[in-house]
Amino acid sequence: MAEPAVPAPPQGPAPWRNPRVRAVAFQVVALLLLLWFFWTIFNNTLTNMESRGITTGFGFLDNTAGFGILFSLIPYDETNTYGRTFVVGLLNTLLVSGLGILFATIIGFILGIARLSPNWLIGKMALVYIEITRNIPLLLQIFFWYFAVLRTVPGPRESVEFPLGAFLNNRGLYVPAPQVESSFWFVVATFGAAIVGAVALLRWAKNRQDTTGRRFPAWPVSLAMVVGLPLLVFWIIGAPLTWDIPELKGFNFKGGMRLIPEFIALWLALTLYTASFIGEIVRSGIQAVSHGQTEASQALGLKRGQSLRLIVIPQAMRIIIPPLTSQYLNLTKNSSLATAIGYPDLVSVFMGTSLNQTGQAVEIVAMTMAVYVAISLTISLLMNLYNRAVALKER
Amino acid sequence: MTRFVSAVAAGLATLVVGAAGAQAAETLDTVKERGEVSCGVTTGLAGFSMPDQSGTWSGIDVDFCRAVAAAVLGDASKVRFVPLTAKERFTALQSGEIDILSRVTTWTFTRDTSLGLNFVGTTFYDGQGFMVNKDLGVSSAKDLDGASICVGAGTTTELNLADYFRIQGMDYNPVVFAAISETAQGFESGRCDVLTSDQSQLYAIRSKLEDPSSAVVLPEVISKEPLGPVVRQGDDAWFNVVKWVLFAQLNAEELGVTSDNIEEMTGSDNPSIKRLVGTDGDMGEKLGLSADWAANIIAQVGNYGEMFERNVGMDSPLEIARGLNALWSEGGIQYAPPVR
């Protein structure tokens, strides 16, 4: 039973004449070449290091580090491993970058708005500040805050005393440390509950205003909730909190909490430097919003502050976010200048001391670079998510 | 197009392979061909390696590199000095950027065995000490509980410090700086109570303070710090040359050959001296050098004792006594195998 002959499908062009096939083929070849190139470098490095008797591998991470670190967020001493010095350095980097980003943003927004102030003095002061800080190299600013300012602060025995048991000297800023008893967690829990309650109240009030037009003083009430309730609980359970006040013992102050000068100098320099860039970004973002929007909002009877807060800034944010992200990335990467003044960040502790003691440059540098890439990509991701949330939605 | 890409990739790969291959070649030949010794030194430490206003380097580490240049190239001035921080030094040597690392580097087990490097010998026997501000009224390192201590990053000093305070059961706050000048500045600005380093460096840093008499060096020496030049492992010819440059300087001092009397000593009948200055035997040839290799070192740089006194000894601002660094025959431990 012969099948009727199926007519052969119309013959297309030969595969190498098909642009689709060709495009894919080129990309595959390019990718393979790239992989081969990196593999060769990798393999070469390993072979050469082995032939010269240089130790390789990540086994060193379990060895005892044997050196001290000035400042650590987690318990650390000389008997811990190199792996732990990595974590200590990483946390210190995150701390200074995180606080730097937070304060640079706040100061930057204030600067950007001040730059546009109709008040001549405020506008020019912001301008002068921005032009000075963003035109001086960051490393010089770090040295300025560290060496120039530090030299004027007295030694521990002539400390400047502040009220409530705080002291300032060239070893740092010492403040009393809160010592909490276990029942203090009730206060913390109340505080958390009060915040949840306040958020719910604000939503309810907004909803009601949207639907009925009636207003409710939600802000003062929620503020009273967040501050008042924890205080009330604190007082009822008998104030379970004492303060560990710093005292001069021997060379230095003991007790209390301490902010080391290396941290203060680095944080100040990073914050003030980046803030001036953010200020300009905010200014340009605001100016990019059409003036018609401001005029329209004034025509509706909004005050200047209201029109800025409700009309201009939400629109400006869409322009501000992308360049703001790169400033955050810059600040994080610039924090590696810590090594110049001895703040124990990742570069100083891990790529500095640990690298030298173990001599495993390739592994340590690779790990450090991977960390910065990971931090930067995380910041980018978060900012992109936020950008998507505020971006103009076309309906 | 593809052919072009693969050609470029292959070219790049050969470049990488080729560059790595060339480095493993004999350093001695490379140096002779280049006509220059590349020498890693500090970024500035009085007495060891320090540039003056005109950019001329001086110091005992610097002189040692000059001695190598005199032996290999016959001209002590053919050295290129590469200033390195403690953090950069081993990588610079491993990667072939420098031929010798002569940078107050302590000879330790780990460094000798795991870095792919070899220590040549000891140009300076040192030990770690503490320098404190005189106003503190501290007379012993045992009184330093709770002190803030300035220390250089990536040094054995950092580890010895941790060990010492742990053994003594005392607390300390290490403030770690990348460069020697910043460490000194941290101490001078009062950020630290104490600066710790090898004793020789303490004297060097103190001599550069605004008021050197404001600081005192405590008597305790808490570690052994044999400082010496380092070369890459697996290049025995170069290792031998650098090693015997040091031994030649020591032997010259022992035999009384100095830069002043080298002329008359070349006519000496003493067989030891004849072998050293190359008028007898073929010592230079065995190293792959000219016969007058050692005579060049002594004439242009001097023997070990001259090098020491000029840079760090009593003739210098550092005023360090010979102590352990005296010859074995004079109560020290500097001892070189004979040239035979």
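Parameters and conventions
- Within any chain, residue numbers begin from 1 and follow the written order of that chain's sequence.
- Whichever chain is written first is A, and whichever ligand is written first is 1; the rest continue in order.
- Given that the model is predicted, a residue must reach a pLDDT of at least 70 before its local features are reported, and side-chain atom pairs must reach 80 or more before they are shown or counted; all residues, however, enter totals for whole chains, interfaces and linings.
- The side-chain values count all of the structure's non-hydrogen atoms but skip hydrogen atoms and water molecules.
- Only residues whose relative accessible area exceeds 30% and that form no salt bridge are eligible for patches; like-charged ones are grouped when within 9 Å, while nonpolar side chains (Val, Leu, Ile, Met, Phe, Trp, Tyr) are grouped when within 5 Å.
- All accessible-area figures derive from a Shrake-Rupley calculation using a 1.4 Å probe, and residue coverage is judged against the displayed protein chains alone.
- By salt bridge we mean one thing: a side-chain nitrogen of Lys or Arg within 4 Å of a carboxyl oxygen of Asp or Glu.
- Per the convention used, a helix needs a DSSP run of H or I reaching at least four residues, while a strand needs a run of E reaching at least two, with both numbered from the N terminus.
- In plain terms, two cysteine sulfur atoms within 2.5 Å form what is called a disulfide here.
- Each residue is assigned to one of three classes by its accessible area relative to the maximum for its type, calculated with a 1.4 Å probe on protein chains only: buried under 20%, partly exposed between the two thresholds, exposed over 50%.
- In this entry, domain limits derive from an automatic or database-based domain assignment.
- A pair of Phe, Tyr and Trp rings is counted when the ring centres sit within 6.5 Å of each other, with Trp represented by its six-membered ring. The angle between the planes then sorts it: under 30 degrees is stacked, over 60 is edge-to-face, the rest tilted.
- A ring has a charge above it when a Lys NZ or an Arg CZ is no more than 6 Å from the ring centre and no more than 35 degrees off the ring normal.
- Here, residues are in contact when the closest pair of their heavy atoms is within 4.5 Å.
- The term buried area denotes the loss of accessible surface (1.4 Å probe radius) that occurs when two parts are joined, taken as the sum for both partners.
- Per-residue confidence from the predictor is given as pLDDT, running between 0 and 100.
- UniProt positions are given in the numbering used here, feature names are shortened, and annotations may be inferred rather than shown by experiment.
- Each pair of strands is called paired provided DSSP finds at least two bridges between the two strands.
- Only the contacting stretch of a helix is used when fitting its axis, a line to C-alpha atoms as for every element, and angles between N-to-C directions run 0 to 180 degrees.
- Here a polar contact means two N or O atoms within 3.5 Å. Within protein one must be a hydrogen donor candidate and the other an acceptor candidate, and residues neighboring in sequence count only if both atoms are side-chain atoms.

Q: Hey, could you run me through a nonpolar patch on the surface in this one?
A: Residue and element names in this part refer to chain A. Side chains of F186, L229, L232, W235, I236 and I237 sit close together on the surface and give an oily, nonpolar patch of about 660 Å² of accessible area. The element that contributes the greatest number of residues to the nonpolar patch is helix 6 (residues 218–236), accounting for 4 residues. With respect to the secondary-structure elements, I236 resides in helix 6.

Q: Where do I start with the state of the cysteines in this structure?
A: Disulfide: a covalent bond formed between the sulfur atoms of two cysteine residues. Residue and element names in this part refer to chain B. This model, assessed by the stated rule, comprises 2 disulfides over all chains. Paired through a disulfide, C39 and C65 show a sulfur-sulfur distance of 1.9 Å. Handedness of the C39-C65 disulfide follows from its S-S torsion of about 70 degrees: it is right-handed. Here C39 is found in strand 1 (residues 37–41), whereas its partner C65 is found in helix 3 (residues 60–73), with 26 residues between them in sequence. Both residues of the pair, C39 and C65, count as buried.

Q: When you look at the domain arrangement of chain A in this model, what are you seeing that I'm missing?
A: How large an interface is tends to be reported as the accessible area lost when its parts come together. When its domains are assigned, chain A resolves into domain 1 (82–164 + 262–390) and domain 2 (177–244). Inter-centroid distance (C-alpha atoms) of domain 1 of chain A to domain 2 of chain A is 30 Å.

Q: Just to check I follow, could you spell out the packing of aromatic side chains for this structure?
A: Describing an aromatic ring pair means giving the distance of the ring centres and the angle of the ring planes. Here the structure, examined in full by the defined rule, presents 28 aromatic pairs over all chains. Three or more aromatic residues joined by ring pairs form one cluster here, namely F71, F103, F263, W267 and Y343 of chain A. If you follow R322 of chain B out to its NZ or CZ, it ends over the ring of F308 of chain B, 5.1 Å from the centre.

Q: In this structure, what is going on with the interface of chain A and chain B? I would like to understand it.
A: Each partner contributes residues to the interface: chain A has 47 residues there, and chain B has 58 residues. Across the interface of chain A and chain B, roughly 4200 Å² is buried in total on both sides, 54% from carbon and sulfur atoms. For chain A, the biggest contributors to the area lost against chain B are R52, F251 and N356 of chain A; these three give 18% of the whole. Applying the counting rule to chain A against chain B returns 2 salt bridges. One salt bridge connects R171 of chain A with D193 of chain B, and the closest N-O pair in it is separated by 2.9 Å.

Q: Any chance you could explain the confidence of the model for chain B here in plain terms?
A: Where the model shows low pLDDT, its predicted coordinates should not be examined in detail. Residue and element names in this part refer to chain B. Across chain B, the average pLDDT comes to 88, with 93% of residues at 70 or higher. Counted against residues more than four places away or in other chains, residues 1–24, with its pLDDT under 50, gives 21 contacts. At the level of chain-chain contacts, confidence expressed as ipTM amounts to 0.71, with global pTM at 0.77.

Q: Help me understand the UniProt feature "transmembrane region" (unreviewed entry) in chain A, please; the structure alone is not making it clear to me.
A: All names here are of chain A. With numbering aligned to this structure, UniProt lists the feature "transmembrane region" (unreviewed entry) at residues 23–42, 54–74, 94–114, 126–148, 183–204, 216–243, 263–286 and 364–386. Within the segment residues 94–114, helix and strand shares are 100% and 0% respectively, and the terminal C-alpha atoms sit 30 Å apart. When the span residues 183–204 is considered, its composition is 95% helix and 0% strand, and the gap between its end C-alpha atoms is 32 Å.

Q: What exactly am I supposed to notice about the pattern of salt bridges here?
A: Opposite charge on two side chains allows them to pair when their charged atoms are near. Throughout the structure, instances matching the rule amount to 13 salt bridges over all chains. E262 of chain A is the partner of R191 of chain B in a salt bridge, and the nearest nitrogen-oxygen pair spans 2.6 Å. Here R191 of chain B, found in the loop between helix 7 (180–188) and strand 11 (194–198), pairs with E262 of chain A, found in helix 7 (residues 261–288), and the two come from separate chains. A relative accessible area of 0% means that R191 of chain B is categorised as buried. Judged by relative accessible area, which is 0%, E262 of chain A ranks as buried. Note that D63 of chain B and R310 of chain B form a salt bridge whose closest N and O atoms lie 2.5 Å from each other. With D63 of chain B in helix 3 and R310 of chain B in helix 14 (residues 304–311), the pair connects residues that are 247 residues apart, well separated along the chain. What you see here is one network of salt bridges that share partners, running through R115, E131, R134, E280 and R283 of chain A.

Q: How should I be thinking about the sheet that holds strand 2 (residues 166–169) of chain A in this particular structure?
A: Two modes of strand pairing occur in sheets, parallel and antiparallel, and in both the strands are linked by backbone hydrogen bonds. All names here are of chain A. On the basis of which strands lie adjacent, the open sheet formed by 4 strands has the order 1-2-3-8 and antiparallel pairing. On the outer flanks of this sheet lie strand 1 (160–162) and strand 8 (257–259), each paired with one strand and no other. The average angle at which neighbouring strand axes cross in this sheet is 20 degrees, direction not considered. Pairing of strand 1 with strand 2, which is carried by 3 bridges, proceeds in the antiparallel orientation. For V160, the partnering residue across the bridge sits in strand 2 and is L168.

Q: Any chance you could explain the sheet that holds strand 12 (residues 215–217) of chain B here in plain terms?
A: Residue and element names in this part refer to chain B. Spatially, the 5 strands line up as an open sheet ordered 10-9-11-8-12, and their pairing is mixed. The sheet is open, and its two borders are formed by strand 10 (172–177) and strand 12, each paired with just one other strand. Adjacent strand axes in the sheet meet at a mean angle of 30 degrees, parallel and antiparallel pairs treated alike. Two strands pair when backbone bridges link them, and strand 8 (residues 128–133) and strand 12 are joined in this way by 3 bridges, in the antiparallel orientation. Among the inter-strand pairings, N133 is bridged to a residue of strand 12, identified as A215.

Q: Before we go on, may I ask you to explain the side chain of Q334 of chain B in this structure?
A: Residue and element names in this part refer to chain B. Mapped onto the secondary structure, Q334 falls in the segment after helix 14. A relative accessible area of 3% places Q334 in the buried class. A distance of 3.3 Å separates a polar side-chain atom of Q334 from the backbone oxygen of T122. Polar side-chain contacts of Q334 include one of 3.1 Å to the side chain of Y304. Setting aside chain neighbours within four positions, we find Q334 in contact with T122, T123, F124, Y125, L250, Y304, L324, N325, A326, L327 and W328.

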